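Secondary and tertiary structure notes
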Amino acid sequence: MSRFIKKRAKKVGLPPGSLVHIGETKTHKVTISILNYDETQLHEKEVTTIEECFSFKDKPNVTWIDIDGVHEVEILEKLGTCFGLHPLVLEDVLNTDQRPKIEDYGDYTYIVLKMISYNDKTNETIAEQMSLIIGSNFVISFQEKHGDVFDPVRERIRSDKGQIRKLGADYLAYSLMDTIVDNYFVIVEKMGERIEDAEEELVTNPTSQTLQSIHNLKKEMMFLRKSVWPLREVVNSLDREESALIKKTTLIYFRDVYDHTIQVVDTIETLREMLSGMLDIYLSSISNRLNAVMKVLTIIATIFIPLTFVVGIYGMNFKYMPELEWHWGYYTVWIVMVLIGVLMLIYFRKKKWL
Amino acid sequence: MSRFIKKRAKKVGLPPGSLVHIGETKTHKVTISILNYDETQLHEKEVTTIEECFSFKDKPNVTWIDIDGVHEVEILEKLGTCFGLHPLVLEDVLNTDQRPKIEDYGDYTYIVLKMISYNDKTNETIAEQMSLIIGSNFVISFQEKHGDVFDPVRERIRSDKGQIRKLGADYLAYSLMDTIVDNYFVIVEKMGERIEDAEEELVTNPTSQTLQSIHNLKKEMMFLRKSVWPLREVVNSLDREESALIKKTTLIYFRDVYDHTIQVVDTIETLREMLSGMLDIYLSSISNRLNAVMKVLTIIATIFIPLTFVVGIYGMNFKYMPELEWHWGYYTVWIVMVLIGVLMLIYFRKKKWL
Amino acid sequence: MSRFIKKRAKKVGLPPGSLVHIGETKTHKVTISILNYDETQLHEKEVTTIEECFSFKDKPNVTWIDIDGVHEVEILEKLGTCFGLHPLVLEDVLNTDQRPKIEDYGDYTYIVLKMISYNDKTNETIAEQMSLIIGSNFVISFQEKHGDVFDPVRERIRSDKGQIRKLGADYLAYSLMDTIVDNYFVIVEKMGERIEDAEEELVTNPTSQTLQSIHNLKKEMMFLRKSVWPLREVVNSLDREESALIKKTTLIYFRDVYDHTIQVVDTIETLREMLSGMLDIYLSSISNRLNAVMKVLTIIATIFIPLTFVVGIYGMNFKYMPELEWHWGYYTVWIVMVLIGVLMLIYFRKKKWL
Amino acid sequence: MSRFIKKRAKKVGLPPGSLVHIGETKTHKVTISILNYDETQLHEKEVTTIEECFSFKDKPNVTWIDIDGVHEVEILEKLGTCFGLHPLVLEDVLNTDQRPKIEDYGDYTYIVLKMISYNDKTNETIAEQMSLIIGSNFVISFQEKHGDVFDPVRERIRSDKGQIRKLGADYLAYSLMDTIVDNYFVIVEKMGERIEDAEEELVTNPTSQTLQSIHNLKKEMMFLRKSVWPLREVVNSLDREESALIKKTTLIYFRDVYDHTIQVVDTIETLREMLSGMLDIYLSSISNRLNAVMKVLTIIATIFIPLTFVVGIYGMNFKYMPELEWHWGYYTVWIVMVLIGVLMLIYFRKKKWL
Amino acid sequence: MSRFIKKRAKKVGLPPGSLVHIGETKTHKVTISILNYDETQLHEKEVTTIEECFSFKDKPNVTWIDIDGVHEVEILEKLGTCFGLHPLVLEDVLNTDQRPKIEDYGDYTYIVLKMISYNDKTNETIAEQMSLIIGSNFVISFQEKHGDVFDPVRERIRSDKGQIRKLGADYLAYSLMDTIVDNYFVIVEKMGERIEDAEEELVTNPTSQTLQSIHNLKKEMMFLRKSVWPLREVVNSLDREESALIKKTTLIYFRDVYDHTIQVVDTIETLREMLSGMLDIYLSSISNRLNAVMKVLTIIATIFIPLTFVVGIYGMNFKYMPELEWHWGYYTVWIVMVLIGVLMLIYFRKKKWL
């Protein structure tokens, strides 16, 4: 549940722009890495104090400031003052239960999205909030934890692969978003495999465990959908609204991110629908099994209850019961009982119960 | 039910603008508190007659008139006359079953929203109607009962925390709305916990009590949704329509309220979907239990009914029954019966019923 | 069913504008009442021939012509000629299965809505078609039957209460619509009470009767929704489209009607959702009861079937059965059987069936 | 099924505009009837060759060419050449599985709609494709079979009833569409009656036959909806887009057709919802019956199984069983058994099973 | 599952425009066929190296380059350079799990759609990605595999049938899309037949196999819908947005493709709804069968259990049991038992269980 609802209660009543970190408490050291590059040169350094970033603010070439950890509030405060960020932006960076959204502040654009990873132990997807601040010559990215999916982007910048060094901050922002969205495919594929496993299990040996895992998968899909769905609107509005920060040639790339997002959303919807279908199958397989159980009971009971009645008759102690005196009485009864049994079996065969 | 439908019947047939209080009858004394402030000064007083408010109408600095209790109609009438409020606004303040809405009357904007609290005893959420009238230099707030969530706002004004003293009536209105929406998170978290409890119970020991509580939670969520959902449109239209009363710099803050509202609505939808999934689980767990019961019955019956038939045979009183005379007859029957029993058990094991 | 589909078959093939009354056949005499008023004077009369209305057409003050009964076609024809109504309007007045709608004909606006009443005997809601023709200085209202909810409006005009005498025909039209919509609240409250009763019954003693009444309530809600839902669009388009007939100051009042309509629609949706939830509860309560029945059967059968087998053994007539000769044999069997019974009971207790 | 999917396979791979008749093969002779009229005169003839129509093309008064049967491709080809119809229009006339649609070709407007009739033998609704080509002074109508619902329109033209002779080709087109839509009411009424019958049956004596007929009705409603639903958009776009072919005064009439279409669609939706509700009732009535069956079994079994055990006890052959020797033993056992039976009955009464 | 989610994982982290083939690995040789034509001449050749295509780029008449196989990345790279295609277009051609979409790049338009075929062995539909690049004088089509549905189009070009040789590249593109969409009808018809078969089976002899095939059909429909649904938007935006590449006269033809797409989507929706209805029928037929089984059990048990009790009574060994001494005791018991049996049967008949 904690994945669905984060504790905001402690923020209630504070003035807007109050910088309070909302989310899992974290203790690791915040790390800040800076990449400054243009077509001809590349500076890369890992800094320990946020002040070291400030000099890059007015450099003409592109600067990417990547901040791992948003739980140290002072870092954000200083950064906000230096780059002229609105208090509400800083507040949103700290509140890690934001919906993906985009906000245009003129000088910079603020984007929230979710980086999704998969915890193999708990079989749960985890969403980490990713904030991007895109300026004319810088991109600031905020992550909740160490470790991200951006290494390929860094590698591309370092080795000057593709066009990334030639293009501006908007293209860098695109590259980061594209990497995150591409990563969704990995997660969705993993979910697809788990659903396939559950479907297999459903056909071969459905247990209440299967139902539980269908239910869990449904919750995972709900969670994924919640994280990815609003992104559609975000990327779409980037494309629709003309922003001075995003060049026209870069817009085509954002359109590509839009397509990928739609595709992820589409696949999520398909998987959700498949899970619904699997629930129907599960329920009817329970009913089928009840039917099978009842048939066994009915066959045994309807064959033996009349026979038991018959032997009961000749167990009565009446003084005058002519059959008991007959020499072949006992055998006759046997013949009658076998006949009854055979007739019953024929009846069941006709009813297709056997 | 009374939470869903309030008695409006008594209003039918009255001319529009007729001031009749609709809602739970209340008897407490209406209290009126006034806060008048600007950057340099602060006047605060609790008044007993509404006339004392009138002098603040034309003061240039911001005045917040907070009225606790809307059941005394004359107070409203006088206030309406003084501040030039439309009769329909006064009527809506009194009708405490309004949907959240916004109406722009030029000189002032009228906003209805719901303050939600949680009654721990009945496990029900309660919605109290909150009316805001925003003028150029004043905010009038109407509540149904004593006790509200605005103390932090008052504190911020008194101690001059944040920017609230520097900004105008629109920012005050925003602060009030923000506080209310922030409070929704607390309620939603509480519902989330109750749903988590119900889910726990569903897995460990589902009873018809569990179903009842799922059903109640569903009704609570319906109620919450009904109270919060229309607020989206309200805050959105504030943002969309340009009003002279809301400054452009304050609009960014209202956009933040919009985001929070969307987030609350989103979480409510997620919780609703989870409750639906839980109902499916409950239903299939009933079916599963029926299956288990039937299996026990079937196992016992199919083992013992044939055996009873066998002992019935040798309870017959036929004169000529050779087996009865055999010395080992009794033991033979026992062996046969044990064999039948064992075969049955093997069959059930194969069918995975044991 | 007849409430959902009225016989239109007899109209098929007639030219448009053919005046044929569609609806329940009625035989009562059509009554026409005229109210002509302005701020200073008031004329009221009940006329018998439609021609008496014509003189009011060009009077400068407001005239309200209320016609009870639309089954006399000639009255309509004459009225149409005098007031210059389009043949399709007259046709729609006669076809009492119209959806609520609004049509702007320049000189006058034609509005259809539904007046809903509740038949306590059949427990059904009944919708009567109400047509309003709003001109610059007159309102013509058509009802299907005698008896309406307009008495309070008449009273307000007669006693000059509120502003109704001061304002024009548009305000009169608003007053009539407002009265009708206010009346919806009464109906919805009644439905809410019936749903509450059904819910009570569902918890205490659900029978197939309960299901039937849930189903009937659902149909009632469907019917209500069908009658009220389109009204939203009607009132909304009044507000949106600028009509010369509706003054700007009156528009605020129509907005109020819109709010009320939304509220009614909202409550109907809530009630529908509650009914859906009740159906789920009903179905699972049936399953629960089946479970309970099966448990009783299983407990009795699994205790006594083995015991019956045991006593059957010692009812066999084998010559050589050592136990039968034992002095304490009978008591031993009793002890064994009690033990079996007790073990079974312990098993059931462990399974939580007792 | 064939009603839902017509064989288009034979068209695959042909160039666009290829005139191939798609639909049920028909062999009847194509008949062509011409009505040429204005306010003062009327020419009516049934022609055998399509060439006879061509002279009417340029006459100033209104001509209605009604073609019964679209399976003779050459007729269409010639007509297309004479009236300058686009090959795709001719193709669509021949493909009788079109959705209702409207296409504006400047000189003429092409409308597809469905004429629905009811086959009393198979209890199925049948949709026949109706194509209308509306020019400035002519209307060409194509039907699949002989026999239509247009006789009243013809009669109105012949006898100069209503305004039809006074108004142009657009009014004629309206009259035809109106007649078709009016006819939908007849079909919907018939479906309503069948649903009412099924509902009656559901309450009195639900069998699996009832389920089958609910299912069939559902399919019928799906079919109807598919035929009628797109018509909304068609009539709406007539109203919205300004076409030189439709005069402003005629538009009011098309708005009327729109209203009727909405009403039909509305009723179809209502009926669909009712059928859904009936399915729920059916399913729960099955469950109820299972419950009833199980109760009978349980009552009989729980009363007699213990009693059979009791009599089994005294059927044992132990040498030393004191009760057997008692003089009143037999009667005592009877009393005990009666007591057990009565207690059981009281228990069942308490459980409300009796 | 692999049909729903293709492995994109290997692409994660690559720069945009990286040409990596995503989809089933294929090894067949890529074949390239060129058709260059205008009204008077026709050149057709199958080339082995992509360079041979380049000369056609600037020819004034229409060139259709059809490339079978997209797994050889170098071919695409060269083509892209020669025709000036955007790297993202090439990337999308290679990623064979695109949604149908359209992108306007000024000089050319890029369209993705799905060619669907039916695998008779696995009873699955297979979607092959089809990319179209439409320039002013050329169309490049990319397919994944050998074998397509375009032979009729080729034939039409060769034999100069229809207008294809007279019109430009836009008409060629239309012809290809039309052929693909026409082919959907064939697939949908095949699905319709399979659904009809399943429905037949459902009525005559529903097994859990039937459920499985309903479930599979549902998945097929989901898959089809996913492939066809977005095409609506594609063709619609072709119509809506004015592109210099598509002539106005050709637009009418694209409108026809739009109509066909809508029709396919419509039929898919209808089939989906029918499958849902079939699931309901299946579930209730299981319940019905359970009912039938239970009735047989109940009839047998309730008749014979009391009778067995009766015979048990007279099997007791009490010394003093007067009935045993009666001469007609045995016969009396028989009569009593027959009476009990007959009464039971009458009861069951009354309950309509027989």
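This text goes with the structure placed above it.
Residues numbered from 1 in each chain as written. Chains lettered and ligands numbered in written order. Predicted model: local features only at pLDDT ≥ 70, side-chain atom pairs only at ≥ 80, totals over all residues. Heavy atoms only, no water.

What about the overall build of chain A?
What chain A contains, in helices and strands, is eight helices and seven strands. Taken over 354 residues, chain A has a buried fraction of 61%. At a minimum sequence separation of 6, the contacts of chain A that also span at least 24 residues come to 67%. Taken as two groups, the 42 positive and 50 negative side-chain charges of chain A have centres that lie 6 Å from each other. (Helix = DSSP H or I, 4+ residues; strand = E, 2+ residues; numbered from the N terminus. Buried < 20%, exposed > 50% of the residue type's maximum accessible area, 1.4 Å probe, protein only. Contact = heavy atoms within 4.5 Å. Lys, Arg positive; Asp, Glu negative; His and termini not counted. Charge placed at Lys NZ, Arg CZ, Asp CG, Glu CD.)

Some points on the sheet that holds strand β3 (residues 62-68) of chain E
Hydrogen bonding along the main chain pairs the strands of a sheet, whether they run parallel or antiparallel. Residue and element names in this part refer to chain E. What the seven strands build is an open sheet, ordered β2-β1-β3-β7-β6-β5-β4; its pairing is mixed. Both outer strands of the open sheet, β2 (42-47) and β4 (101-104), are each paired with one neighbouring strand and no more. Neighbour-to-neighbour, the strand axes of the sheet open up by a mean angle of 15°, direction not taken into account. Contacting β1 (31-37), β3 and β7 (138-143), helix α1 (residues 73-83) crosses the sheet at an angle of about 165° to β7. The sheet contacts of helix α5 (residues 208-240) involve β4, β5 (109-119) and β6 (124-134), and relative to β5 the element is tilted by about 150°. (Pairing = 2+ DSSP bridges. Axes fitted to C-alpha atoms, helices over the stretch in contact; angles between N-to-C directions.)

With respect to the relation of the copies chain E and chain A
After a rotation of 72° and a shift along the axis of 0.0 Å, chain E superposes on chain A with an RMSD of 0.2 Å. Such a combination of turn and shift is consistent with a five-fold rotation axis. Using C-alpha coordinates, one finds that chain E approaches the rotation axis most closely at Gly315 of chain E, a distance of 4.8 Å. The residues that chain E uses at the interface reappear at the interface of chain A in only 17% of cases, marking distinct surfaces. (Least-squares fit on C-alpha atoms with pLDDT ≥ 70 in both.)

Regarding a nonpolar patch on the surface
All names here are of chain A. A surface patch of nonpolar side chains, about 370 Å² in accessible area, is lined by Val338, Val342, Leu343 and Ile346. By the element assignment, Val338 lies in helix α8 (residues 329-350). Here Val338 falls in the partly exposed class, since its relative accessible area comes to 48%. (Patch = residues over 30% accessible without salt bridge, like charges linked within 9 Å, V, L, I, M, F, W, Y side chains within 5 Å. Areas by Shrake-Rupley, 256 points an atom, 1.4 Å probe, with all protein chains shown as cover. Salt bridge = Lys/Arg side-chain N within 4 Å of Asp/Glu carboxyl O.)

Side note on the pattern of salt bridges
For the structure on display, the rule yields 75 salt bridges over all chains. Between Glu199 of chain B and Lys219 of chain A there is a salt bridge, with the nearest N and O atoms lying 3.0 Å from each other. With one member in each of two chains, Glu199 of chain B in helix α4 (residues 169-204) and Lys219 of chain A in helix α5 (residues 208-240) form a pair that bridges those chains. Residue Glu325 of chain B is joined to Lys319 of chain C by a salt bridge in which the shortest nitrogen-to-oxygen separation is 2.5 Å. A residue pair is termed interchain when its members come from two chains, as with Glu325 of chain B in helix α7 (residues 322-325) and Lys319 of chain C in the loop between α6 (248-313) and α7 (322-325). For Glu325 of chain B, a relative accessible area of 45% translates into the label partly exposed. Among the residues examined, Lys319 of chain C registers a relative accessible area of 61% and is labelled exposed.

Side note on the pairing of strand β3 (residues 62-68) of chain B
All names here are of chain B. Counting buried positions along β3 yields seven of seven residues, so the element is predominantly enclosed. In β3, alternate side chains face the same way, and those of Val62, Trp64, Asp66 and Asp68 on one face and Thr63, Ile65 and Ile67 on the other are all buried. Inspection of the sheet shows strand β1 (residues 31-37) paired to β3 by seven bridges, in the antiparallel sense. For Ile32, the partnering residue across the bridge sits in β3 and is Ile67.

Re the packing of aromatic side chains
The tally for this structure, following the rule as stated, stands at 75 aromatic pairs over all chains. Centre to centre, the rings of Tyr347 of chain B and Phe348 of chain B are 5.7 Å apart; their planes meet at 65°, and the pair counts as edge-to-face. By relative accessible area, which is 0% here, Phe348 of chain B ends up buried. Residues Phe83 of chain C and Phe138 of chain C carry aromatic rings whose centres are separated by 4.8 Å and whose planes lie at 55° to one another, so their mutual orientation is tilted. Of the two residues, Phe83 of chain C is situated in helix α1 (residues 73-83) and Phe138 of chain C in strand β7 (residues 138-143); the sequence distance between them amounts to 55 residues. (Phe/Tyr/Trp six-rings, centres within 6.5 Å; stacked < 30°, edge-to-face > 60°.)

Focus: the interface of chain A and chain B
Where interface size is given, it is often the accessible area lost as the parts come together that is meant. Contact residues are listed per partner, giving 66 residues for chain A and 64 residues for chain B. The contact between chain A and chain B buries some 5800 Å² in all, and 66% of this surface belongs to carbon and sulfur atoms. For the pair chain A and chain B, the interface holds five salt bridges. Between Asp266 of chain B and Arg99 of chain A there is a salt bridge, and its shortest N-O distance comes to 3.4 Å. (Buried area = accessible area lost by both parts, 1.4 Å probe.)

Observations regarding the packing of helix α4 (residues 169-204) of chain D against helix α5 (residues 208-240) of chain D
Residue and element names in this part refer to chain D. Two elements in contact, α4 and α5, have axes separated by 11 Å at closest approach and are oriented at 160°. When the interaxial angle is binned, α4 and α5 end up roughly antiparallel. When you trace α4 past α5, the crossing you get is left-handed. Note on element contacts: α5 touches α4 through Thr210, Ser213, Ile214, Leu217, Glu220, Met221, Leu224, Val228, Leu231 and Val235, opposite Met177, Val181, Tyr184, Ile187, Val188, Met191, Arg194, Ile195, Ala198, Glu201 and Leu202. Its residues assigned to classes, the contact of α4 with α5 shows 16 nonpolar, two polar and three charged. (Parallel < 35°, antiparallel > 145°, perpendicular 65-115°, else oblique. Left-handed = near helix turned anticlockwise from the far one by under 90°. Nonpolar A, V, L, I, M, F, W, Y, C, P; charged D, E, K, R; others polar.)

Section: a negative patch on the surface
Residue and element names in this part refer to chain A. Negative charge collects at one region of the surface, where Glu196, Asp197, Glu200 and Glu201 lie side by side. Looking at the element boundaries, Asp197 is found in helix α4 (residues 169-204). For Asp197, a relative accessible area of 54% translates into the label exposed.

Let's talk about the arrangement of the chains
The closest approach of any C-alpha atom in chain A to one in chain D is 9 Å; the two make no contact. The least C-alpha distance between chain B and chain D, which are not in contact, is 9 Å.

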